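Secondary and tertiary structure notes
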Amino acid sequence: MKNDAHRNKELAEQLLDWNRRNLRHDVELSQSLIAERFAPEFQVFANGRSYAADHESYQGFLQGFKSSIASIDYEVTQIVADEAGVVLAMRARVERVNAVRDQFEAMLLLRFDEQGKLVLWHEVYVQSQAV
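Read on for a plain summary of the structure. (Residues numbered from 1 in each chain as written. Predicted model: local features only at pLDDT ≥ 70, side-chain atom pairs only at ≥ 80, totals over all residues. Heavy atoms only, no water.)

1. With respect to the side chain of Arg37
Note on placement: Arg37 falls in the loop between helix H2 (31–35) and strand S1 (38–46). Among buried Asp, Glu, Lys and Arg side chains, Arg37 stands out as unpaired, with Glu36 the closest opposite charge at 5.6 Å. Engagement of the side chain of Arg37 in a polar contact is seen with the side chain of Gln14, the distance being 2.9 Å. Dropping the residues within four chain positions of it, Arg37 is found in contact with Leu11, Gln14, Leu15, Trp18, Gly116, Lys117 and Leu118. (Helix = DSSP H or I, 4+ residues; strand = E, 2+ residues; numbered from the N terminus. Buried < 20%, exposed > 50% of the residue type's maximum accessible area, 1.4 Å probe, protein only. Lys, Arg positive; Asp, Glu negative; His and termini not counted. Salt bridge = Lys/Arg side-chain N within 4 Å of Asp/Glu carboxyl O. Polar contact = N/O pair within 3.5 Å; in protein donor to acceptor, adjacent residues only side chain to side chain. Contact = heavy atoms within 4.5 Å.)

2. Regarding the layout of surface pockets
Volume-wise, the largest pocket comes out at about 450 Å³. Considering the residues around the largest pocket, the lining is formed by 23 residues, among which Phe61, Phe65, Trp121, Glu123 and Tyr125 are closest to the centre. Within the residue set of the lining of the largest pocket, elements represented by two or more residues are helix H1 (5–22), S1, strand S2 (49–54), helix H3 (55–66), strand S3 (69–81), strand S4 (86–96), strand S5 (101–112) and strand S6 (118–128). When grouped by side-chain class, the residues that make up the lining of the largest pocket number 19 nonpolar, one polar and three charged. (1 Å grid on protein atoms, 1.4 Å probe; cavity = no way out; pocket = protein on both sides within 12 Å on 5 of 7 lines; lining within 4 Å. Points joined across faces, edges and corners; volume = space filled by probe spheres on them. Nonpolar A, V, L, I, M, F, W, Y, C, P; charged D, E, K, R; others polar.)

3. Examining the side chain of Asp113
Looking at where Asp113 falls in the secondary structure, it is placed in the loop between S5 and S6. Although buried, Asp113 forms no salt bridge, and the nearest oppositely charged side chain, Arg7, lies 5.4 Å from it. Side-chain polar atoms of Asp113 contact the backbone nitrogen of Gln115, separated by 3.0 Å.

4. Comments concerning the nonpolar core
In terms of nonpolar packing, the biggest core is built from 31 residues, with Trp18, Phe38, Tyr58, Leu88, Leu110 and Leu118 touching the most fellow members. Those elements giving two or more residues to this core turn out to be H1, H2, S1, H3, S3, S4, S5 and S6. Sequence-distant contacts of Tyr58, that is, excluding residues within four places in its chain, are made with Ile34, Phe38, Phe42, Val44, Tyr51 and Ala53. (Core = buried A, V, L, I, M, F, W, Y, C linked by side-chain atoms within 4.5 Å.)

5. A look at the pattern of salt bridges
According to the stated counting rule, one finds nine salt bridges in the structure shown. Where Glu75 meets Arg91, a salt bridge forms, and the shortest distance between an N and an O atom there is 3.2 Å. Taken together, the residues span a long stretch of sequence, with Glu75 in strand S3 and Arg91 in strand S4 at a distance of 16 residues. Where Arg91 meets Glu105, a salt bridge forms, and the shortest distance between an N and an O atom there is 2.6 Å. Taken together, the positions of Arg91 in strand S4 and Glu105 in strand S5 put the pair 14 residues apart, joining distant regions of the chain. Through salt bridges with shared partners, a single ionic network connects Glu75, Arg91, Arg93 and Glu105.

Written as structure tokens, this is what we have:
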């Protein structure tokens, strides 16, 4: 099945919703939960770092990442999608369990396989002034 722009946009929005629900300190993050949105093997590029990931390795990464997060939210300001993938310009707001707020400006390129699972997460982000 060939990806199309509308499908990729919907998958990106669903992935951000998945993040909002699951990337919190109080959520039990299993490999089966990760498999809801991520292909068995996928690529991650974040601010110049790159690595191949699978459900097990990503679970380990996300456990540490989310350990101090009370909530995470996104304000998407632009979405550009085609049959190959989707690019989002967005602001991410993270509320920590200690009430500290972090804000990031990000550009995120996502690609999905035929089953709608993420195969590429390519993000560039900078911390900005929290509001």
